Amino acid sequence: MATVTPEPQALSFECETGNYHTFCPISCVAWLYQKIEDSFFLVIGTKTCGYFLQNAMGVMIFAEPRYAMAELEEGDISAKLNDYEELKRLCLQIKRDRNPSVIVWIGTCTTEIIKMDLEGLSPRLEEEIGIPIVVARANGLDYAFTQGEDTVLAAMAARCPNEAPEEAEKKERNAIASLLNFGKKKEEVEAEESAYADHPPLVMFGSLPDPVVTNLSLELKKQGIKVSGWLPAKRYTELPVIKEGYYTCGVNPFLSRTATTLMRRRKTKLIGAPFPIGPDGTRAWIEKICSVMGVEPKGLAEREAQIWESLEDYLQLVRGKSVFLMGDNLLEVSLARFLVRCGMIVNEIGIPYMDKRYQAAELKFLEKTCHEMGAPVPTIVEKPDNYNQIERIKEIQPDLVITGMAHANPLEARGISTKWSVEFTFAQIHGFSNARDILELVTRPLRRNNSLNGLGWENLVREGAKHNI
Ligand code: SF4
């Protein structure tokens, strides 16, 4: 009798109502003001936005952050006050108190609805006060959480210089190079320059903490690939030179607008690779860059194997466990792909927005990983509906739910382990060496369960209430 081998499953996509919890994209100011040291972020919105930032950013708000709210009043909304004069007054105050190299205006829901023309106002004011003003509409009407960074970087991509600056300035601008060459003699630096393969200039985009930037740049350096610049750089004045024909590559899955801007407006070529999250993703990312640059990658298989070996203690905890990603930060596909490689079964990948073109390589990689691991291919649910998801969670009873704070405690009280999704955005998760940090996060609830096992109070909700999570 002939046996029929089933066709490997393909990814399936669904779209629900968009009724889900996530952070407002204005939250991007919290990590971007720290990354771009000479910036100031002005969020032009209402008390709603202010309350959100104040609460979501926790202790950071006591550290004199370089962001502020321009709180709109009745008079602004009814156009009794002059928008231009009001903003000028605030920006002059910022200039006097903080003297930043750039002011970033963050447009909000209100500025959209009352159609405040921020893009129209900024060039005139920029000229008048002598500080660049970048406008990003990171509002809750159009975007979710990390997409806020995408809108800011897309706006900054337009500000990257076309030409390399004069010699004197160049030294300061090329911060990554000087960081990598720190403490070396001139001859050594020259010798190292020749160690790079001869390839077209490559600019990376995505805001990452400086240690991670150095780490990824060094990984590529080992392959002879030189990173010419990084969008954003440590300082606004160090934005990388971008010319037509340069290559660009993203480090995060939520940067599709930035990628589009770099391709369409700056005429660069995009390297579409999986993202450097997890050792498998990092290897695939480096390999793809190498293949585009015409470089033969060396030693990556061994490097990846070594990292997996060092993760074994954590892998034992997650193997065979199921995980449900409710979806709120756009890192979900990359995380799910890494977790499948770790031996987990992914029930569902919720995601606020799915750009199938920008994430094409990552999606293919996810599918391939599922087939190789013999794991079921998860459904990707775009714009999920949290109520429906809770119903599905109730039915599936996954071992772990990655979700926001709104659902975490209620689920825990019903005996379902959860991991707070926002931590993945703020933890260092990129590159080979940070794979352990991802698993540290994922296994935390599982380890806690192990140590509290047998106490008999996993389920703390009254019987009747259990059914309406
Ligand atoms: S969703 Fe809109 S109103 Fe709410 S905090 Fe974000 S920008 Fe402000």
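Details of the structure are given in the entry above.
About the cut-offs
Residues numbered from 1 in each chain as written. Predicted model: local features only at pLDDT ≥ 70, side-chain atom pairs only at ≥ 80, totals over all residues. Heavy atoms only, no water. Near = heavy atom within 4 Å. Nonpolar A, V, L, I, M, F, W, Y, C, P; charged D, E, K, R; others polar. Axes fitted to C-alpha atoms, helices over the stretch in contact; angles between N-to-C directions. Helix = DSSP H or I, 4+ residues; strand = E, 2+ residues; numbered from the N terminus. Parallel < 35°, antiparallel > 145°, perpendicular 65-115°, else oblique. Contact = heavy atoms within 4.5 Å. Core = buried A, V, L, I, M, F, W, Y, C linked by side-chain atoms within 4.5 Å. Buried < 20%, exposed > 50% of the residue type's maximum accessible area, 1.4 Å probe, protein only. Pairing = 2+ DSSP bridges. Right-handed = clockwise from strand over helix to strand, strands pointing away. Expected span 1.5 Å × (residues − 1). Left-handed = near helix turned anticlockwise from the far one by under 90°.

What follows deals with the site of the ligand. In the vicinity of the ligand, the contacting residues are Cys 24, Ile 26, Cys 49, Thr 108, Cys 109 and Gly 140. Each residue belonging to the shell around the ligand can be placed in one class, and the counts come to four nonpolar, two polar and no charged.

The geometry of helix α16 (residues 332-341) relative to helix α21 (residues 435-452) is characterised by a closest axis approach of 12 Å and an angle of 90° between their N-to-C directions. Classified by the angle their axes make, α16 and α21 are roughly perpendicular. Here Leu 335, Phe 338 and Leu 339 of α16 come into contact with α21, specifically with Ala 435, Ile 438, Leu 439 and Val 442. Across the contact of α16 with α21, the residue classes break down as seven nonpolar, no polar and no charged.

Attention now moves to the environment of Leu 141. With respect to the helices and strands, Leu 141 occurs in the loop between β5 (133-136) and α7 (147-157). C-alpha of Leu 141 to C-alpha of Cys 24: the two residues are 117 residues apart in sequence and 9.2 Å apart in space.

What follows concerns the nonpolar core. Ile 106, Trp 285 and Ile 289 are the most contacted members of the largest nonpolar core, which totals 107 residues. Apart from residues lying up to four places away in sequence, Ile 106 is in contact with Ile 26, Val 29, Phe 41, Leu 42, Val 43, Ile 44, Ala 136, Ala 138 and Val 152. Of all hydrophobic cores here, the second largest spans 19 residues; its members include Phe 40, Leu 87, Met 116 and Leu 121.

Here the focus is the environment of Leu 339. Looking at where Leu 339 falls in the secondary structure, it is placed in helix α16. Leu 339 gets classed as buried once you look at its relative accessible area, which sits at 1%. Aside from chain neighbours lying at most four places away, what touches Leu 339 is Val 323, Met 344, Ile 402, Leu 439 and Val 442.

Here the focus is helix α19 (residues 405-413). Residues His 407, Ala 408, Leu 411 and Ala 413 constitute the buried set of α19. Check the buried side of α19 and you find it contacts α18 (386-396), β13 (400-403) and β14 (418-420). Gly 415 sits one or two positions beyond α19 and adopts a positive phi of about 85°.

Another aspect to go through is the pairing of strand β12 (residues 379-382). Pairing geometry for strand β1 (residues 12-15) and β12, over four bridges, is parallel. When the bridges of β12 are listed, Phe 13 appears paired with Ile 380. Bridge analysis of strand β11 (residues 345-351) against β12 gives four bridges, and the strand direction is parallel. Note on β12: the bridge partner recorded for Gly 350 is Val 381. Viewed along the sheet, the connection from β11 through helix α17 (residues 360-373) into β12 turns out right-handed.

Attention shifts here to helix α11 (residues 210-222). Between its first and last C-alpha atoms α11 spans 18 Å; for 13 residues at 1.5 Å apiece the expected length is 18 Å, and the two agree. Taken residue by residue, α11 has Val 212, Val 213, Leu 216, Ser 217, Glu 219, Leu 220 and Lys 221 as its buried positions. Gly 224 occupies a position one or two residues after α11 and carries a positive phi of about 85°.

With that out of the way, let us pick up the sheet that holds strand β10 (residues 322-325). As summarised here, the arrangement of the six strands in space is β1-β12-β11-β10-β13-β14, forming an open sheet in which the pairing is parallel. Looking at which strands have only one partner, the edges of the open sheet turn out to be β1 and β14. The mean angle between the axes of side-by-side strands here comes to 20°, regardless of whether they run parallel or antiparallel. In this sheet, β13 lies alongside β10 in parallel orientation, the contact comprising three bridges.

Another point: the packing of helix α1 (residues 28-35) against α7. Relative to each other, α1 and α7 sit at 50°, their axes nearing to 8 Å. One element, α1, and the other, α7, form an angle in the oblique class. Considering only the axes of α1 and α7, their crossing is right-handed. In this structure, α1 contributes Cys 28, Trp 31 and Leu 32 to the contact, and α7 contributes Gly 148, Glu 149 and Val 152. Split into classes, the residues belonging to the contact of α1 with α7 amount to four nonpolar, one polar and one charged.

With respect to the element layout, Ser 122 can be found in helix α6 (residues 118-129). Considered as a pair, Ser 122 and Leu 87 are 35 residues apart in the sequence and their alpha carbons are 9.3 Å apart. Sequence-distant contacts of Ser 122, defined by excluding residues within four places in its chain, comprise Trp 105, Ile 133 and Val 135.

Turning to unusual backbone geometry, a few remarks are in order. Trans is the common state for peptide bonds, and a negative phi is the common state for residues other than glycine. Note the cis peptide between Leu 231 and Pro 232, where omega equals 0°. One non-glycine residue, Leu 330, lies in positive phi territory at about 70°. Following the sequence through the fold, Leu 330 ends up in the loop between β10 and α16. For Leu 330, a relative accessible area of 3% corresponds to the buried category. The phi dihedral of Gln 397 falls on the positive side, at around 50°, and the residue is not glycine. Within the secondary structure layout, Gln 397 lies in the loop between α18 and β13.

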